[in-house]
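Chain residues, written in single-letter form:
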Amino acid sequence: MANNENIDRQSFHYNFLKNIIFRMENFAKNSKLFSDRLKTERISVTQEEVDSVLGKNR
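Residues numbered from 1 in each chain as written. Predicted model: local features only at pLDDT ≥ 70, side-chain atom pairs only at ≥ 80, totals over all residues. Heavy atoms only, no water.

A. Region of the structure containing the pattern of salt bridges. Scanning the entire structure with this criterion turns up 1 salt bridge. The closest approach of N and O atoms between Asp-36 and Lys-32, which form a salt bridge, is 2.9 Å. Remark: Lys-32 and Asp-36 occur in helix H1 (residues 2-40); sequence separation between them is 4 residues, near one turn of the helix. Taking relative accessible area as the criterion, Asp-36 reaches 29% and is therefore assigned partly exposed. Classification of Lys-32 as exposed rests on a relative accessible area of 51%. (Salt bridge = Lys/Arg side-chain N within 4 Å of Asp/Glu carboxyl O. Helix = DSSP H or I, 4+ residues; strand = E, 2+ residues; numbered from the N terminus. Buried < 20%, exposed > 50% of the residue type's maximum accessible area, 1.4 Å probe, protein only.)

Spelled out as structure tokens, the structure:
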């Protein structure tokens, strides 16, 4: 009985760590995709938007 509990515990920890690694890899991929997109996409902002953020509404 104790042997089965050890196997279950090991299986749980293995799957738990595998899941964490999978999530970390996906996070890294998504971060890289986002970073690459920021480098290639032109972000445009109007002067009015800049003024409103800086509190310079005229």
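Having seen the structure, we can now continue with the description.
B. Main features of the environment of Ser-31. Among the structural elements, Ser-31 can be located in helix H1. Distance from Ser-31 to Ser-44, taken between C-alpha atoms, is 22 Å for residues 13 residues apart in sequence.

C. How the structure looks around a nonpolar patch on the surface. On the surface, a nonpolar cluster with roughly 680 Å² of combined accessible area is contributed by Phe-34, Leu-38, Ile-43, Val-45, Val-50, Val-53 and Leu-54. Counting residues per element, the ones that place at least two in the nonpolar patch are H1 and helix H2 (47-54). Looking at the element boundaries, Val-53 is found in helix H2. Judged by relative accessible area, which is 69%, Val-53 ranks as exposed. (Patch = residues over 30% accessible without salt bridge, like charges linked within 9 Å, V, L, I, M, F, W, Y side chains within 5 Å. Areas by Shrake-Rupley, 256 points an atom, 1.4 Å probe, with all protein chains shown as cover.)

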